[in-house]
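Below, each chain spelled out in residue letters.
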Amino acid sequence: MFSGIIEELGIVRSPGPRLVVECHAVLSDAQTGSSIAVNGVCLTALDLTANTFTADLAPETLARTNLGDLTVGSRVNLERPL
């Protein structure tokens, strides 16, 4: 469950089915498998680094959300679960 309160704006470093987002605050307590909402879409964080996370996006997710329209440098709203 998410609060709907945007905690941070992330920057897309690699769009598409293997989304990479640069951020800081939402990673402070994240682990592999953590949920992070990106533009309101709940994603599973993978391949965490100090300032990025990766998420795999299914073709249906790309087609039915605005995540399929992202480009390098796009800003995205990020929030952690409650």
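Treat the numbers as computed from the prediction; the structure is a model and nothing was measured.

Draft legend 1. Expanded view of the environment of Phe2. If you trace the backbone, Phe2 turns up in the segment before strand E1 (8-14). Overall, the relative accessible area of 26% leaves Phe2 in the partly exposed class. A C-alpha to C-alpha distance of 5.5 Å links Phe2 and Leu82, two positions 80 residues apart in sequence. Not counting residues up to four positions away in its chain, the partners in contact with Phe2 are Ser35, Ile36, Ala37, Cys42, Glu79, Arg80, Pro81 and Leu82.

Draft legend 2. Geometry of the pattern of salt bridges. Considering all chains together, one arrives at six salt bridges under this definition. A salt bridge links Arg18 to Asp56; the shortest N-O distance between them is 2.4 Å. Of the two residues, Arg18 sits in strand E2 (residues 18-22) while Asp56 sits in strand E5 (residues 52-56), which places them 38 residues apart along the sequence. Of the residues examined, Arg18 reaches a relative accessible area of 38% and is grouped as partly exposed. Overall, Asp56 belongs to the partly exposed group, its relative accessible area being 45%. For Glu60, the salt bridge is made with Arg64, and the minimal N-O distance between the two is 2.4 Å. Note that Glu60 and Arg64 are positioned in helix H1 (residues 59-64) at a spacing of four residues, about one turn of the helix. By relative accessible area, which is 68% here, Arg64 ends up exposed. Among the ionic contacts, a cluster of salt bridges with common partners joins Glu7, Asp29 and Arg80.

What counts and how
Residues numbered from 1 in each chain as written. Predicted model: local features only at pLDDT ≥ 70, side-chain atom pairs only at ≥ 80, totals over all residues. Heavy atoms only, no water. Helix = DSSP H or I, 4+ residues; strand = E, 2+ residues; numbered from the N terminus. Buried < 20%, exposed > 50% of the residue type's maximum accessible area, 1.4 Å probe, protein only. Contact = heavy atoms within 4.5 Å. Salt bridge = Lys/Arg side-chain N within 4 Å of Asp/Glu carboxyl O.

In short, the description is geometric, and any link to function would need to be established separately.
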